[in-house]
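# Remarks on the overall topology
Each chain, letter by letter, is given below.
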Amino acid sequence: MKHLIQLYLNSYRGLSKPAWMLALIMLINRSGAMVIPFLGVYMTDALKFSLKDTGNTLSCFGAGAVVGSALGGWLSDKVGNFRVQFLCLMLCVPVYCILPVLSTPVQLSIGVFILSVISETFRPANTVSIASYTSPENITKAFSLNRMAMNLGFSIGPALGGLLAAISYHWLFYGNAISTGLAGLFFYFYFRNLQPVKGVQKDPEKGTTGLSPWKDAPFLVFSFFCLLYSVCFFQLLSTLPLFYRTVHHLSEWSIGVILAYSGFVVFSLEMILVHIAERRLGASGTIIIGTLLGGAAFLVLLLPGKFLLLYFGMFLLCISEILAMPFMATLTMKRASGKKQGSYMGVNSLAFSAAHIISPFIGTRIADHFGFDVLWTLTGLVSIITAAGFYWIIKKL
(Lines give C-alpha, C1' and ligand atoms only; values in the text may rest on other atoms or scores of the structure.)
Protein backbone atom coordinates (compact mmCIF):
# COMPACT_ATOMS: atom_id res chain seq x y z
CA MET A 1 0.00 0.00 0.00
CA LYS A 2 2.85 2.38 0.85
CA HIS A 3 4.48 1.68 -2.51
CA LEU A 4 1.18 2.33 -4.30
CA ILE A 5 0.70 5.67 -2.52
CA GLN A 6 4.26 6.71 -3.38
CA LEU A 7 3.72 5.75 -7.02
CA TYR A 8 0.51 7.80 -7.09
CA LEU A 9 2.28 10.85 -5.63
CA ASN A 10 5.14 10.49 -8.13
CA SER A 11 2.66 10.65 -10.98
CA TYR A 12 1.92 14.30 -10.07
CA ARG A 13 5.53 15.38 -9.56
CA GLY A 14 6.93 18.14 -11.77
CA LEU A 15 3.64 19.77 -12.78
CA SER A 16 3.54 23.57 -12.70
CA LYS A 17 1.05 25.71 -10.77
CA PRO A 18 -0.59 27.05 -13.97
CA ALA A 19 -1.15 23.45 -15.09
CA TRP A 20 -2.98 22.80 -11.82
CA MET A 21 -5.01 25.97 -12.27
CA LEU A 22 -6.05 24.96 -15.79
CA ALA A 23 -7.18 21.65 -14.34
CA LEU A 24 -9.16 23.44 -11.63
CA ILE A 25 -10.91 25.58 -14.25
CA MET A 26 -11.73 22.44 -16.22
CA LEU A 27 -13.14 20.89 -13.03
CA ILE A 28 -15.44 23.89 -12.46
CA ASN A 29 -16.58 23.86 -16.07
CA ARG A 30 -17.21 20.10 -16.24
CA SER A 31 -18.95 19.91 -12.88
CA GLY A 32 -21.87 21.51 -14.66
CA ALA A 33 -21.60 19.37 -17.79
CA MET A 34 -25.15 18.06 -17.74
CA VAL A 35 -26.57 18.83 -21.19
CA ILE A 36 -24.61 16.63 -23.61
CA PRO A 37 -24.86 13.29 -21.70
CA PHE A 38 -28.64 13.71 -21.38
CA LEU A 39 -29.31 15.38 -24.73
CA GLY A 40 -30.40 12.19 -26.47
CA VAL A 41 -32.68 11.18 -23.60
CA TYR A 42 -34.06 14.75 -23.41
CA MET A 43 -35.00 14.71 -27.08
CA THR A 44 -36.67 11.28 -27.04
CA ASP A 45 -38.41 11.65 -23.66
CA ALA A 46 -39.25 15.34 -23.23
CA LEU A 47 -39.52 16.51 -26.85
CA LYS A 48 -40.74 13.16 -28.26
CA PHE A 49 -38.26 13.19 -31.15
CA SER A 50 -37.87 9.99 -33.16
CA LEU A 51 -34.60 8.07 -32.93
CA LYS A 52 -33.73 9.31 -36.41
CA ASP A 53 -34.33 12.99 -35.52
CA THR A 54 -32.36 12.52 -32.31
CA GLY A 55 -29.42 11.14 -34.27
CA ASN A 56 -29.59 14.00 -36.76
CA THR A 57 -29.55 16.63 -34.00
CA LEU A 58 -26.64 14.94 -32.22
CA SER A 59 -24.80 14.87 -35.54
CA CYS A 60 -25.26 18.65 -35.75
CA PHE A 61 -23.26 18.85 -32.54
CA GLY A 62 -20.51 16.99 -34.37
CA ALA A 63 -20.77 19.28 -37.40
CA GLY A 64 -20.30 22.29 -35.15
CA ALA A 65 -17.39 20.56 -33.45
CA VAL A 66 -15.65 20.12 -36.81
CA VAL A 67 -15.98 23.83 -37.54
CA GLY A 68 -14.95 24.77 -34.01
CA SER A 69 -11.86 22.55 -34.00
CA ALA A 70 -10.54 24.02 -37.23
CA LEU A 71 -11.39 27.55 -36.11
CA GLY A 72 -9.88 27.06 -32.66
CA GLY A 73 -6.52 25.88 -33.98
CA TRP A 74 -6.29 28.77 -36.44
CA LEU A 75 -7.38 31.40 -33.91
CA SER A 76 -4.94 30.11 -31.29
CA ASP A 77 -2.02 30.68 -33.65
CA LYS A 78 -3.36 34.10 -34.70
CA VAL A 79 -4.66 35.82 -31.56
CA GLY A 80 -3.41 33.62 -28.71
CA ASN A 81 -4.98 30.87 -26.66
CA PHE A 82 -6.00 33.14 -23.74
CA ARG A 83 -8.46 35.23 -25.74
CA VAL A 84 -9.92 32.20 -27.49
CA GLN A 85 -10.53 30.31 -24.25
CA PHE A 86 -12.09 33.21 -22.37
CA LEU A 87 -14.42 34.27 -25.18
CA CYS A 88 -15.57 30.71 -25.80
CA LEU A 89 -16.40 30.11 -22.15
CA MET A 90 -18.41 33.31 -21.86
CA LEU A 91 -20.24 32.95 -25.19
CA CYS A 92 -21.48 29.50 -24.19
CA VAL A 93 -23.51 30.98 -21.31
CA PRO A 94 -26.30 32.68 -23.32
CA VAL A 95 -26.49 29.75 -25.74
CA TYR A 96 -27.17 27.28 -22.91
CA CYS A 97 -29.96 29.58 -21.68
CA ILE A 98 -31.60 29.74 -25.12
CA LEU A 99 -31.56 25.99 -25.86
CA PRO A 100 -34.55 25.08 -23.60
CA VAL A 101 -36.75 27.39 -25.69
CA LEU A 102 -36.01 25.42 -28.89
CA SER A 103 -38.50 22.58 -29.32
CA THR A 104 -38.43 21.41 -32.95
CA PRO A 105 -35.72 19.24 -34.55
CA VAL A 106 -34.63 22.05 -36.88
CA GLN A 107 -34.50 24.69 -34.13
CA LEU A 108 -32.63 22.48 -31.69
CA SER A 109 -30.23 21.31 -34.41
CA ILE A 110 -29.27 24.92 -35.15
CA GLY A 111 -28.87 25.71 -31.45
CA VAL A 112 -26.76 22.62 -30.81
CA PHE A 113 -24.62 23.44 -33.85
CA ILE A 114 -23.88 26.96 -32.56
CA LEU A 115 -23.12 25.66 -29.08
CA SER A 116 -20.74 23.09 -30.49
CA VAL A 117 -18.87 25.60 -32.66
CA ILE A 118 -18.20 27.77 -29.62
CA SER A 119 -17.37 24.99 -27.15
CA GLU A 120 -15.10 23.10 -29.56
CA THR A 121 -13.20 26.25 -30.57
CA PHE A 122 -12.09 26.21 -26.93
CA ARG A 123 -10.39 22.79 -27.10
CA PRO A 124 -7.32 23.38 -29.33
CA ALA A 125 -6.61 26.64 -27.48
CA ASN A 126 -6.85 24.87 -24.14
CA THR A 127 -4.46 22.13 -25.27
CA VAL A 128 -1.88 24.66 -26.48
CA SER A 129 -2.27 26.52 -23.19
CA ILE A 130 -1.50 23.36 -21.22
CA ALA A 131 1.63 22.77 -23.30
CA SER A 132 2.80 26.38 -22.85
CA TYR A 133 2.86 26.03 -19.04
CA THR A 134 4.45 22.57 -18.94
CA SER A 135 7.95 21.22 -19.51
CA PRO A 136 8.28 18.72 -22.42
CA GLU A 137 8.99 15.76 -20.12
CA ASN A 138 5.78 16.40 -18.17
CA ILE A 139 3.42 17.14 -21.05
CA THR A 140 1.63 13.78 -20.96
CA LYS A 141 1.13 14.18 -17.20
CA ALA A 142 -0.28 17.68 -17.75
CA PHE A 143 -2.74 16.41 -20.36
CA SER A 144 -3.72 13.61 -18.00
CA LEU A 145 -4.19 16.01 -15.08
CA ASN A 146 -6.47 18.17 -17.22
CA ARG A 147 -8.47 15.17 -18.33
CA MET A 148 -8.59 13.86 -14.77
CA ALA A 149 -10.15 17.15 -13.66
CA MET A 150 -12.55 16.97 -16.60
CA ASN A 151 -13.62 13.48 -15.59
CA LEU A 152 -13.98 14.37 -11.91
CA GLY A 153 -16.31 17.12 -13.06
CA PHE A 154 -18.02 14.64 -15.34
CA SER A 155 -18.63 12.40 -12.34
CA ILE A 156 -20.36 15.31 -10.57
CA GLY A 157 -22.25 16.79 -13.52
CA PRO A 158 -24.30 13.78 -14.71
CA ALA A 159 -25.19 12.76 -11.15
CA LEU A 160 -26.44 16.27 -10.45
CA GLY A 161 -28.01 16.34 -13.91
CA GLY A 162 -29.94 13.15 -13.18
CA LEU A 163 -31.49 14.82 -10.14
CA LEU A 164 -32.30 18.03 -12.02
CA ALA A 165 -33.74 16.11 -14.98
CA ALA A 166 -36.16 14.38 -12.64
CA ILE A 167 -37.48 17.87 -11.73
CA SER A 168 -37.20 19.57 -15.13
CA TYR A 169 -34.90 19.06 -18.10
CA HIS A 170 -34.60 22.84 -18.40
CA TRP A 171 -32.50 22.97 -15.26
CA LEU A 172 -29.81 20.95 -17.07
CA PHE A 173 -29.23 23.87 -19.42
CA TYR A 174 -29.28 26.55 -16.73
CA GLY A 175 -26.89 24.58 -14.51
CA ASN A 176 -24.48 24.18 -17.41
CA ALA A 177 -24.64 27.92 -18.11
CA ILE A 178 -23.76 28.78 -14.50
CA SER A 179 -20.76 26.44 -14.31
CA THR A 180 -19.39 27.64 -17.67
CA GLY A 181 -19.70 31.27 -16.64
CA LEU A 182 -17.88 30.64 -13.36
CA ALA A 183 -15.09 28.81 -15.19
CA GLY A 184 -14.72 31.74 -17.59
CA LEU A 185 -14.44 34.32 -14.82
CA PHE A 186 -11.96 32.25 -12.84
CA PHE A 187 -9.86 31.71 -15.97
CA TYR A 188 -9.80 35.42 -16.79
CA PHE A 189 -8.70 36.66 -13.37
CA TYR A 190 -5.93 34.09 -12.97
CA PHE A 191 -4.41 33.99 -16.48
CA ARG A 192 -4.96 37.53 -17.78
CA ASN A 193 -1.41 38.69 -16.87
CA LEU A 194 0.33 35.30 -16.70
CA GLN A 195 3.09 34.59 -19.20
CA PRO A 196 4.07 31.10 -20.44
CA VAL A 197 6.77 29.39 -18.40
CA LYS A 198 10.19 30.11 -19.84
CA GLY A 199 12.00 27.25 -21.42
CA VAL A 200 9.00 25.06 -22.08
CA GLN A 201 8.17 26.19 -25.58
CA LYS A 202 9.19 23.85 -28.32
CA ASP A 203 11.95 24.89 -30.68
CA PRO A 204 10.32 26.09 -33.89
CA GLU A 205 13.06 24.39 -35.90
CA LYS A 206 12.17 20.97 -34.52
CA GLY A 207 9.23 18.72 -35.30
CA THR A 208 7.84 18.99 -38.83
CA THR A 209 9.85 22.10 -39.85
CA GLY A 210 6.81 24.34 -39.68
CA LEU A 211 4.82 22.72 -42.49
CA SER A 212 1.03 22.72 -42.43
CA PRO A 213 -0.41 19.61 -40.75
CA TRP A 214 -2.51 19.14 -43.91
CA LYS A 215 0.74 18.36 -45.78
CA ASP A 216 1.98 15.90 -43.15
CA ALA A 217 0.70 12.60 -44.60
CA PRO A 218 1.69 10.26 -41.72
CA PHE A 219 0.06 12.60 -39.21
CA LEU A 220 -3.15 12.75 -41.26
CA VAL A 221 -3.31 8.94 -41.33
CA PHE A 222 -2.73 8.90 -37.57
CA SER A 223 -5.58 11.40 -37.13
CA PHE A 224 -7.82 9.20 -39.28
CA PHE A 225 -7.32 6.30 -36.87
CA CYS A 226 -8.01 8.70 -33.99
CA LEU A 227 -11.29 9.42 -35.82
CA LEU A 228 -12.16 5.71 -35.98
CA TYR A 229 -11.38 5.26 -32.30
CA SER A 230 -13.55 8.26 -31.44
CA VAL A 231 -16.49 7.02 -33.53
CA CYS A 232 -16.51 3.93 -31.33
CA PHE A 233 -15.83 5.71 -28.05
CA PHE A 234 -18.45 8.45 -28.51
CA GLN A 235 -21.23 5.89 -28.48
CA LEU A 236 -20.85 6.77 -24.79
CA LEU A 237 -22.55 10.12 -25.44
CA SER A 238 -25.18 9.06 -27.98
CA THR A 239 -26.40 5.47 -28.26
CA LEU A 240 -25.18 4.13 -24.91
CA PRO A 241 -27.56 6.25 -22.77
CA LEU A 242 -30.36 5.30 -25.20
CA PHE A 243 -29.39 1.63 -24.75
CA TYR A 244 -29.62 2.03 -20.98
CA ARG A 245 -33.02 3.67 -21.32
CA THR A 246 -34.73 1.56 -24.00
CA VAL A 247 -33.23 -1.91 -23.42
CA HIS A 248 -32.57 -1.90 -19.67
CA HIS A 249 -35.28 0.66 -18.77
CA LEU A 250 -33.03 2.66 -16.44
CA SER A 251 -34.26 5.94 -14.95
CA GLU A 252 -32.53 9.29 -15.56
CA TRP A 253 -31.00 9.02 -12.11
CA SER A 254 -29.61 5.52 -12.80
CA ILE A 255 -28.16 6.65 -16.13
CA GLY A 256 -26.59 9.65 -14.40
CA VAL A 257 -25.04 7.40 -11.76
CA ILE A 258 -23.39 5.16 -14.38
CA LEU A 259 -22.03 8.19 -16.22
CA ALA A 260 -20.84 9.66 -12.92
CA TYR A 261 -19.17 6.33 -12.13
CA SER A 262 -17.23 6.60 -15.40
CA GLY A 263 -15.93 10.02 -14.45
CA PHE A 264 -14.92 8.80 -11.00
CA VAL A 265 -13.01 5.82 -12.44
CA VAL A 266 -11.02 8.04 -14.79
CA PHE A 267 -10.39 10.57 -12.03
CA SER A 268 -9.14 7.87 -9.65
CA LEU A 269 -6.92 5.90 -12.02
CA GLU A 270 -5.77 8.12 -14.88
CA MET A 271 -2.65 9.71 -13.40
CA ILE A 272 -1.22 6.52 -11.98
CA LEU A 273 -1.99 4.42 -15.06
CA VAL A 274 -0.52 7.04 -17.40
CA HIS A 275 2.57 7.22 -15.17
CA ILE A 276 3.04 3.44 -15.34
CA ALA A 277 2.25 3.21 -19.06
CA GLU A 278 4.64 6.04 -19.92
CA ARG A 279 7.48 4.21 -18.18
CA ARG A 280 6.77 0.65 -19.30
CA LEU A 281 4.73 0.58 -22.50
CA GLY A 282 5.44 3.73 -24.47
CA ALA A 283 2.93 5.69 -26.52
CA SER A 284 2.42 3.10 -29.25
CA GLY A 285 1.71 0.12 -26.99
CA THR A 286 -0.50 2.17 -24.70
CA ILE A 287 -2.69 3.52 -27.51
CA ILE A 288 -3.09 0.04 -29.04
CA ILE A 289 -4.08 -1.57 -25.74
CA GLY A 290 -6.47 1.29 -25.00
CA THR A 291 -8.12 0.90 -28.41
CA LEU A 292 -8.62 -2.86 -27.94
CA LEU A 293 -10.13 -2.32 -24.49
CA GLY A 294 -12.56 0.16 -26.02
CA GLY A 295 -13.83 -2.52 -28.37
CA ALA A 296 -14.08 -5.02 -25.53
CA ALA A 297 -16.18 -2.53 -23.51
CA PHE A 298 -18.93 -2.69 -26.13
CA LEU A 299 -18.62 -6.39 -26.88
CA VAL A 300 -19.33 -7.30 -23.25
CA LEU A 301 -22.73 -5.64 -23.64
CA LEU A 302 -23.69 -8.61 -25.80
CA LEU A 303 -23.54 -10.86 -22.73
CA PRO A 304 -26.61 -11.50 -20.53
CA GLY A 305 -26.88 -9.43 -17.37
CA LYS A 306 -27.80 -5.98 -16.16
CA PHE A 307 -26.17 -3.76 -13.54
CA LEU A 308 -22.87 -5.62 -13.02
CA LEU A 309 -22.47 -6.05 -16.77
CA LEU A 310 -23.20 -2.39 -17.51
CA TYR A 311 -20.77 -1.18 -14.88
CA PHE A 312 -18.06 -3.61 -16.04
CA GLY A 313 -18.46 -2.44 -19.63
CA MET A 314 -18.21 1.18 -18.50
CA PHE A 315 -15.07 0.34 -16.48
CA LEU A 316 -13.38 -1.11 -19.58
CA LEU A 317 -14.36 1.98 -21.57
CA CYS A 318 -12.83 4.20 -18.89
CA ILE A 319 -9.52 2.30 -18.97
CA SER A 320 -9.56 2.59 -22.76
CA GLU A 321 -9.96 6.36 -22.50
CA ILE A 322 -7.20 6.63 -19.91
CA LEU A 323 -4.68 4.71 -21.99
CA ALA A 324 -5.49 6.05 -25.45
CA MET A 325 -6.44 9.71 -25.36
CA PRO A 326 -3.58 11.40 -23.41
CA PHE A 327 -0.96 9.73 -25.61
CA MET A 328 -2.80 10.73 -28.79
CA ALA A 329 -2.51 14.35 -27.67
CA THR A 330 1.13 13.87 -26.70
CA LEU A 331 2.09 12.41 -30.09
CA THR A 332 0.33 15.31 -31.80
CA MET A 333 2.18 17.96 -29.78
CA LYS A 334 5.52 16.26 -30.35
CA ARG A 335 4.84 16.07 -34.07
CA ALA A 336 4.13 19.81 -34.33
CA SER A 337 6.67 22.58 -34.62
CA GLY A 338 6.49 25.47 -32.17
CA LYS A 339 4.73 27.76 -34.66
CA LYS A 340 2.18 25.15 -35.70
CA GLN A 341 1.09 23.64 -32.38
CA GLY A 342 -2.35 25.24 -32.57
CA SER A 343 -2.89 24.06 -36.15
CA TYR A 344 -1.80 20.51 -35.35
CA MET A 345 -4.03 20.33 -32.30
CA GLY A 346 -6.83 21.78 -34.41
CA VAL A 347 -6.49 18.98 -36.98
CA ASN A 348 -6.33 16.33 -34.27
CA SER A 349 -9.34 17.87 -32.53
CA LEU A 350 -11.03 17.87 -35.92
CA ALA A 351 -10.77 14.08 -36.00
CA PHE A 352 -12.52 13.82 -32.64
CA SER A 353 -15.08 16.41 -33.67
CA ALA A 354 -15.91 14.62 -36.92
CA ALA A 355 -16.60 11.54 -34.80
CA HIS A 356 -19.33 13.53 -33.07
CA ILE A 357 -21.09 13.66 -36.45
CA ILE A 358 -20.47 10.08 -37.55
CA SER A 359 -20.95 8.33 -34.21
CA PRO A 360 -24.57 9.35 -33.44
CA PHE A 361 -25.60 9.42 -37.11
CA ILE A 362 -24.48 5.86 -37.80
CA GLY A 363 -25.04 4.51 -34.29
CA THR A 364 -28.69 5.51 -34.00
CA ARG A 365 -29.50 4.19 -37.46
CA ILE A 366 -27.83 0.82 -36.90
CA ALA A 367 -29.58 0.50 -33.54
CA ASP A 368 -32.92 1.49 -35.07
CA HIS A 369 -32.75 -0.87 -38.06
CA PHE A 370 -30.70 -3.81 -36.79
CA GLY A 371 -30.69 -3.53 -32.99
CA PHE A 372 -28.08 -2.71 -30.38
CA ASP A 373 -26.41 -6.15 -30.56
CA VAL A 374 -25.37 -5.52 -34.16
CA LEU A 375 -24.13 -2.04 -33.22
CA TRP A 376 -21.95 -3.34 -30.39
CA THR A 377 -20.55 -6.14 -32.59
CA LEU A 378 -19.57 -3.72 -35.35
CA THR A 379 -18.07 -1.33 -32.81
CA GLY A 380 -15.85 -4.11 -31.47
CA LEU A 381 -14.69 -5.09 -34.97
CA VAL A 382 -13.88 -1.49 -35.92
CA SER A 383 -11.84 -1.14 -32.71
CA ILE A 384 -9.72 -4.17 -33.62
CA ILE A 385 -9.06 -2.77 -37.11
CA THR A 386 -8.19 0.61 -35.58
CA ALA A 387 -5.69 -0.95 -33.17
CA ALA A 388 -3.94 -2.62 -36.10
CA GLY A 389 -3.88 0.72 -37.92
CA PHE A 390 -2.27 2.46 -34.95
CA TYR A 391 0.39 -0.29 -34.77
CA TRP A 392 1.27 0.40 -38.41
CA ILE A 393 1.20 4.22 -38.55
CA ILE A 394 2.84 5.13 -35.23
CA LYS A 395 6.04 3.46 -36.46
CA LYS A 396 6.12 6.08 -39.23
CA LEU A 397 5.63 9.11 -36.96
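The rules we used
Residues numbered from 1 in each chain as written. Predicted model: local features only at pLDDT ≥ 70, side-chain atom pairs only at ≥ 80, totals over all residues. Heavy atoms only, no water. Helix = DSSP H or I, 4+ residues; strand = E, 2+ residues; numbered from the N terminus. Buried < 20%, exposed > 50% of the residue type's maximum accessible area, 1.4 Å probe, protein only. Contact = heavy atoms within 4.5 Å. Areas by Shrake-Rupley, 256 points an atom, 1.4 Å probe, with all protein chains shown as cover. Expected span 1.5 Å × (residues − 1). Core = buried A, V, L, I, M, F, W, Y, C linked by side-chain atoms within 4.5 Å. Polar contact = N/O pair within 3.5 Å; in protein donor to acceptor, adjacent residues only side chain to side chain. Axes fitted to C-alpha atoms, helices over the stretch in contact; angles between N-to-C directions. Parallel < 35°, antiparallel > 145°, perpendicular 65-115°, else oblique. Left-handed = near helix turned anticlockwise from the far one by under 90°. Nonpolar A, V, L, I, M, F, W, Y, C, P; charged D, E, K, R; others polar. 1 Å grid on protein atoms, 1.4 Å probe; cavity = no way out; pocket = protein on both sides within 12 Å on 5 of 7 lines; lining within 4 Å. Points joined across faces, edges and corners; volume = space filled by probe spheres on them. Phe/Tyr/Trp six-rings, centres within 6.5 Å; stacked < 30°, edge-to-face > 60°. Lys NZ or Arg CZ within 6 Å of the ring centre and 35° of its normal.

The subject of this paragraph is the overall build of the protein. Looking only at helices and strands, one finds 15 helices and 0 strands in the protein. The burial tally for the protein puts 58% of its 397 residues in the buried class. Taking all contacts inside the protein whose residues are at least 6 apart in sequence as the whole, residues at least 24 apart take part in 87%. Counting only carbon and sulfur atoms, one obtains 70% of the accessible surface of the protein, whose full area is about 16300 Å².

Residue pairs three or four apart in sequence face the same way in an α-helix, which turns once every 3.6 residues. Between its first and last C-alpha atoms helix 12 (residues 282–299) spans 26 Å; for 18 residues at 1.5 Å apiece the expected length is 26 Å, and the two agree. Of the positions making up helix 12, those classed as buried are T286, I287, I288, G290, T291, G294, G295, A297 and F298. Close packing links the buried residues of helix 12 with helix 9 (217–233), helix 11 (252–280), helix 13 (307–335) and helix 15 (372–394).

Ranked by internal contacts, the top residues of the largest apolar core, which has 115 residues, are L108, F222, L240, Y244, M314, M328 and F390. Those residues in contact with M314 that sit more than four places away from it in its chain are L236, L240, Y244, I258, L259, Y261 and S262.

By secondary structure assignment, the location of T291 is in helix 12. Within the local environment of T291, its side chain forms a polar contact with the backbone oxygen of I287, the two atoms lying 2.8 Å apart. When residues no more than four places from it in sequence are discounted, the contact partners of T291 are Y229, S320, S383, T386, A387 and F390.

A word on the packing of helix 12 against helix 13. Two numbers describe how helix 12 lies on helix 13: the axes approach to 7 Å, and their chain directions differ by 150°. Relative to helix 13, the element helix 12 lies roughly antiparallel. Crossing of helix 12 over helix 13 shows left-handed handedness. In contact with A283, T286, I287, I289, G290, T291, L293, G294, A296, A297 and F298 of helix 12, helix 13 contributes G313, L316, L317, I319, S320, L323, A324, F327, M328 and L331. Residue classes in the contact of helix 12 with helix 13 are distributed as 15 nonpolar, 6 polar and no charged.

It is worth spelling out empty space enclosed by the protein at this point. Across all of its chains, the model carries 3 cavities of 30 Å³ or more by this definition. In this structure, the largest cavity spans a volume of roughly 1100 Å³. Looking at the largest cavity, it is lined by 46 residues, and the ones nearest its centre are R30, E120, R123, M150 and F234. Among the residues making up the lining of the largest cavity, the classes are represented as 28 nonpolar, 13 polar and 5 charged. Approximately 90 Å³ is the volume attributed to the second largest cavity. Contributing to the lining of the second largest cavity are I36, L58, F61, F234, L237, S238, H356 and P360. For the lining of the second largest cavity, the secondary-structure elements that each account for two or more residues are helix 4 (51–79) and helix 14 (341–370). Taken together, the residues of the lining of the second largest cavity sort by class into 6 nonpolar, 2 polar and no charged.

Another aspect to go through is the packing of aromatic side chains. The tally for this structure, following the rule as stated, stands at 23 aromatic pairs. Here Y190 and F191 contribute two aromatic rings whose centre-to-centre distance is 4.8 Å and whose plane-to-plane angle is 75°, an arrangement assigned as edge-to-face. A relative accessible area of 25% places Y190 in the partly exposed class. By relative accessible area, which is 3% here, F191 ends up buried. Here the aromatic residues F82, F86, Y133, F187, Y188, F189, Y190 and F191 are joined through ring pairs into a cluster of three or more. One residue, R365, lies across the ring of F361, its end atom 3.8 Å from the ring centre.

Attention now goes to unusual backbone geometry. Positive phi, normally seen in glycine, also occurs at K48, with a value near 60°. Looking at the element boundaries, K48 is found in the loop between helix 3 (35–45) and helix 4. You will see that H249, though not glycine, has its phi angle at about 55°, which is positive. On the secondary structure map, H249 appears in the loop between helix 10 (239–246) and helix 11.

For F191, the location among the structural elements is in helix 8 (residues 170–191). Along the chain, F191 and F82 lie 109 residues apart, while their C-alpha atoms are 7.5 Å from each other. The residues touching F191, leaving out its near neighbours within four places in the chain, are P18, M21, L22, I25, F82 and Y133.

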